[in-house]
Amino acid sequence: MSQYQWDWLVIFENVTDTDEFYYQWLISGLGWTLLIALSAWVIALILGTIIGTARTLPNKFVAGIATAYVELFRNIPLIVQLFMWFFVLPEMVPTNIGNWMKQDMPHPGIITSIIGLGLFTAARVAEQIRTGILALPRGQKNAGLALGLTLAQTYRHVLLPMAFRVVIPPLTSEFMSIFKNSAVAYSITATELFFQMKQITGDYKPANQIEVVTIVGLIYILVAFSANRIMTFIERRVQVPGYISGGK
Amino acid sequence: MQLDWSSIPRASNALWEGFQFSISLTAFAALAGIILGTLLAMARLSSIKPLSMIASGYVNIFRSTPLVIVIYWFYVVLPFIIGRPIGAEHSAYVTFAIFEAAYFCEIMRAGIQSIPKGQVYAGSALGFTYGQNMRYIILPQAFRNVVPLLLTQTIILFQDTSLVYVLGATDLFGAADKIAHRDNTLLEMYVTVAVIYFVISFFLSRLVKHLHSKIAIIR
Amino acid sequence: MQKRLAFLVAAVSASFIGHAQANELTGTLKKIKDSGSITVGHRESSIPFSYLDDAQKPIGYAMDLCWKVVDAVKKELKLPNLAVKLNPVTSQTRIPLITNGTVDIECGSTTNSKERQKQVAFGVSTYVTSVRMLTKADSGVKTLDDLNGKAVVTTTGTTSDRYIKQNEKGHNIDVKNVYGKDHAESFLMVESGRAVAFVMDDVLLAGLIANSKSPKDFMIAGPALSVEPYGIMIRKDDPQFKKLVDDTLIGLMKSGEVEKIYNKWFTQPIPPKNINLNLPMSPQLKEAIKNPNDNGV
């Protein structure tokens with residue numbers, strides 16, 4: 001019976017009839033992956049903090065809108081959301097704007113991915129910020145108000161700084177996830193790392209796809225692990241004395 | 001562009017079968033993942049160095065790897081190592097349980113860390129062992145504090161079950177995707193599953209919100 | 001010394017036994033006999049080769065051919081009640097699942113390429129496709145030169161973008177390559193106006209057009225950029241099983257039965273929507289049936 005013929009050097013092979021090499025495809029894909037994930041993370045952090053905070057506000061209307069946002073964006077699979085932004089939205093706006101989105105917008109797949117992934121992740125970041133705020137003893141908010149701080153000042157100087165520190169471990173998960181989630185961008189034409197893997201393991205190099213998949217898996221591990229180290233460093237720097245947070 | 005919804009009702013059987021698989025996979029992976037994750041979180045916070053290092057290594061490796069690649073690996077590479085094929089569904093159950101444990105571990109860790117240290121000292125002063133402290137003081141509160149996060153993760157898990165398409169196993173999304181390709185009705189099918197996912201996840205999150213308001217700790 | 005002697009005796013007797021049973025089973029046939037079952041790998045949406053009907057059963061041209069092979073296996077092994085297991089495969093899993101023993105035979109629309117032959121073997125080719133362009137009927141695109149400055153979509157994991165790149169030099173054109181994650185999405189890119197043409201195997205293009213909401217809005221245009229044979233995929237270095245598969249298929253080709261099966265799937269309405277692909281046999285396929293071969297591209 002035949003055996004699988006392993007060939008780990010497959011990514012250093014020349015692409016037939018061109019002067020390109022497969023590893024160059026992977027590097028270019030990694031670049032787009034990092035760009036998409038990091039840009040989306042900026043959107044997610046800013047928007048997620050605003051929405052997570054809004055959900056804890058006494059104003060029912062604002063809290064309601066924030067809740068609706070979270071429910072909508074976290075309850076639909078990311079791949080479906082990206083699909084909606086890319087294929088459905090241009091059909092719903094006026095024709096000339098739709099045509100611009102389809103034909104003239106630069107890098108439509110990349111830009112749509114950044115926005116879609118950012119909005120999706122914002123809902124999850126918001127939930128963590130909210131959980132962090134709610135996990136704080138109620139006395140902290142009351143103490144802030146009693147000291148004469150306005151509600152905004154209490155959030156700004158008392159609640160949010162504490163909440164951010166409490167939620168760093170789950171936020172770390174989210175930060176690591178955004179690199180992996182960015183892989184879904186391949187489904188709307190972004191030529192990032194996962195796309196390059198699919199491209200190489202398709203008809204170009206179908207024989208050694210296990211090796212290529214494994215190498216790409218290791219690249220993702222490396223990226224996410226670096227993200228994890230950065231967050232752990234921040235976690236150590238900002239831990240709150242008196243909480244179990246690994247403090248001495 | 002016109003839309004053609006006529007193929008959706010004919011697909012209802014396949015969608016229903018896929019849905020059942022999604023649910024059973026989610027339920028199994030959430031349950032196994034929370035149990036395993038809680039144990040991992042305790043190991044990670046334990047003062048025994050090797051134990052906490054093993055636990056954090058486990059968590060970091062699995063959180064760093066895209067699920068879709070882990071699934072692919074278990075299904076196609078493991079048979080080369082153990083010498084016999086593994087069924088698609090078995091590999092899905094096992095992969096999801098051990099993968100999700102890493103995420104549930106981090107959530108439980110955040111929960112445990114949200115408990116003021118004074119409570120641990122108070123427990124110790126009362127003569128509680130480490131195990132008793134965990135069992136009676138820390139875990140019950142930690143668990144309550146992170147219920148919303150556990151739910152969020154379970155909803156993510158429910159959506160992630162769509163990745164079993166790489167095994168050719170058919171969950172809700174996979175069923176929709178396959179029919180969409182066969183019938184060339186991508187837009188219609190995706191809109192349909194978006195609605196189904198939304199309704200189910202929304203219902204789940206309302207349920208837990210209700211639950212949470214009953215068990216939340218007022219401090 | 002004694003050990004060496006024992007080894008020698010064992011080796012000599014083994015070679016004798018080998019001679020005594022010239023028809024001893026090897027490879028896949030032995031695996032099937034030992035396990036009492038054969039596992040057929042099938043696709044799920046590869047119209048009309050191998051796809052699921054509304055009852056979730058795999059059907060299609062390649063499936064019909066595979067059932068003939070399964071019948072031949074039953075006859076060869078004298079196992080009329082052989083258990084037949086079905087295992088869905090994707091373009092990502094089909095090769096590893098053949099090599100790791102999960103499936104014994106893959107019945108889909110797999111191009112017999114030299115690249116794939118490094119890991120697997122193919123039965124004689126059962127279909128021949130040409131890579132061409134799908135475009136809107138009113139797009140005015142007739143040749144490659146008409147693509148200058150336009151977006152052309154290919155499906156991720158196919159080599160069609162290479163044919164475009166190769167032709168760019170010769171034709172002095174500049175084409176924007178974009179990628180759909182699968183054929184249905186690539187088609188959607190053309191349908192929604194994000195790309196002007198979709199370059200792919202013509203049989204898949206015909207399936208997409210026939211299945212679309214208004215088939216008359218689309219057409220297949222341009223020259224054949226590449227001609228590729230499809231084959232049934234099996235394990236490599238397995239002469240017994242390969243012979244059985246080939247003998248079965250060649251038998252169908254010589255008896256003319258393959259033509260009947262072909263017409264059932266390519267020139268008549270097929271489930272589930274009763275569409276008709278209207279694709280009579282190409283000259284290349286007729287040639288492949290007249291002179292069966294397993295040459296890859």
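Residues numbered from 1 in each chain as written. Chains lettered and ligands numbered in written order. Predicted model: local features only at pLDDT ≥ 70, side-chain atom pairs only at ≥ 80, totals over all residues. Heavy atoms only, no water.

Caption draft 1: Spatial organisation of the overall build of chain B. The helix and strand tally for chain B stands at 9 helices and 0 strands. The C-alpha extent of chain B, read off along each of the three principal axes, is 70 × 50 × 25 Å. Out of the 219 residues in chain B, the part that is buried amounts to 56%. Within chain B, residue pairs in contact and separated by at least 24 positions form 77% of the contacts whose partners lie at least 6 positions apart. As displayed, chain B offers around 9100 Å² of accessible surface, 71% of which is attributable to carbon and sulfur atoms. Between the centroid of the 15 positive side chains of chain B and the centroid of its 10 negative side chains there is a distance of 20 Å. (Helix = DSSP H or I, 4+ residues; strand = E, 2+ residues; numbered from the N terminus. Buried < 20%, exposed > 50% of the residue type's maximum accessible area, 1.4 Å probe, protein only. Contact = heavy atoms within 4.5 Å. Areas by Shrake-Rupley, 256 points an atom, 1.4 Å probe, with all protein chains shown as cover. Lys, Arg positive; Asp, Glu negative; His and termini not counted. Charge placed at Lys NZ, Arg CZ, Asp CG, Glu CD.)

Caption draft 2: Structural detail: a nonpolar patch on the surface. Where nonpolar side chains cluster on the molecular surface, the patch consists of B:Leu31, B:Ile35, B:Leu36 and B:Leu39 and spans about 400 Å² of accessible area. Turning to its location among the elements, B:Leu39 is positioned in helix α2 (residues 12–45). (Patch = residues over 30% accessible without salt bridge, like charges linked within 9 Å, V, L, I, M, F, W, Y side chains within 5 Å. Salt bridge = Lys/Arg side-chain N within 4 Å of Asp/Glu carboxyl O.)

Caption draft 3: Local environment of the packing of helix α1 (residues 22–55) of chain A against helix α10 (residues 209–238) of chain A. Residues and elements named next belong to chain A. At a closest axis distance of 12 Å, the pairing of α1 and α10 adopts a crossing angle of 35 degrees. In this structure, α1 crosses over α10, and the sense of that crossing is right-handed. Here Leu26, Leu30, Thr33 and Leu34 of α1 lie close against α10, whose contacting residues are Ile215, Val216, Ile219, Tyr220 and Val223. In terms of residue class, the contact of α1 with α10 is made up of 8 nonpolar, 1 polar and no charged. (Axes fitted to C-alpha atoms, helices over the stretch in contact; angles between N-to-C directions. Left-handed = near helix turned anticlockwise from the far one by under 90°. Nonpolar A, V, L, I, M, F, W, Y, C, P; charged D, E, K, R; others polar.)

Caption draft 4: Highlighting the interface of chain B and chain A. Taken together, the contact between chain B and chain A spans 50 residues of the former and 57 residues of the latter. Here chain B meets chain A over a buried area of about 4500 Å², counting both sides, of which 66% is carbon and sulfur. For the pair chain B and chain A, the interface holds 2 salt bridges. For A:Glu235, the salt bridge is made with B:Arg109, and the minimal N-O distance between the two is 3.9 Å. On the surface where chain B and chain A come into contact, there are 10 residue pairs in polar contact (both at pLDDT 80 or more). In terms of residue count, the dominant contributor to the side of chain B that touches chain A is helix α9 (residues 186–215) of chain B (12 residues). Its residues assigned to classes, the side of chain B that touches chain A shows 34 nonpolar, 10 polar and 6 charged. (Buried area = accessible area lost by both parts, 1.4 Å probe. Polar contact = N/O pair within 3.5 Å; in protein donor to acceptor, adjacent residues only side chain to side chain.)

Caption draft 5: Broad picture of the UniProt feature "transmembrane region" (unreviewed entry) in chain B. As recorded in UniProt, the sites labelled "transmembrane region" (unreviewed entry) are residues 20–43, 64–86, 92–112 and 187–208 of chain B. Within residues 64–86 of chain B, the helical portion is 74% and the strand portion 0%, while the C-alpha atoms at the span's ends are 24 Å from each other. (UniProt positions renumbered as here; feature names shortened; annotations may be inferred.)

Caption draft 6: How the structure looks around the pattern of salt bridges. Applying the stated rule across the entire model yields 30 salt bridges over all chains. Between A:Glu127 and A:Arg74 there is a salt bridge, and its shortest N-O distance comes to 3.4 Å. Placement of A:Glu127 in helix α5 (residues 108–135) and of A:Arg74 in helix α2 (residues 60–74) is noted, with a sequence separation of 53 residues between them. A relative accessible area of 5% places A:Arg74 in the buried class. The salt bridge involving C:Glu44 is made with B:Lys178; its shortest N-O contact spans 2.9 Å. Of this pair, C:Glu44 sits in the loop between β1 (37–42) and β2 (45–46) while B:Lys178 sits in helix α8 (residues 172–183), each in a different chain. Since its relative accessible area comes to 9%, C:Glu44 is described here as buried.

Caption draft 7: Spatial organisation of unusual backbone geometry. With an omega of -5 degrees, the peptide bond running from C:Ile47 to C:Pro48 counts as cis. Note on placement: C:Pro48 falls in the loop between β2 and β3 (50–52). The omega torsion of the bond from C:Pro271 to C:Pro272 falls at 0 degrees, within 30 degrees of zero and hence cis. Following the sequence through the fold, C:Pro272 ends up in the loop between α9 (257–266) and α10 (283–290). If you check the backbone angles, B:Asn184 has positive phi at about 60 degrees while not being a glycine. Mapped onto the elements of the fold, B:Asn184 is located in the loop between α8 and α9.

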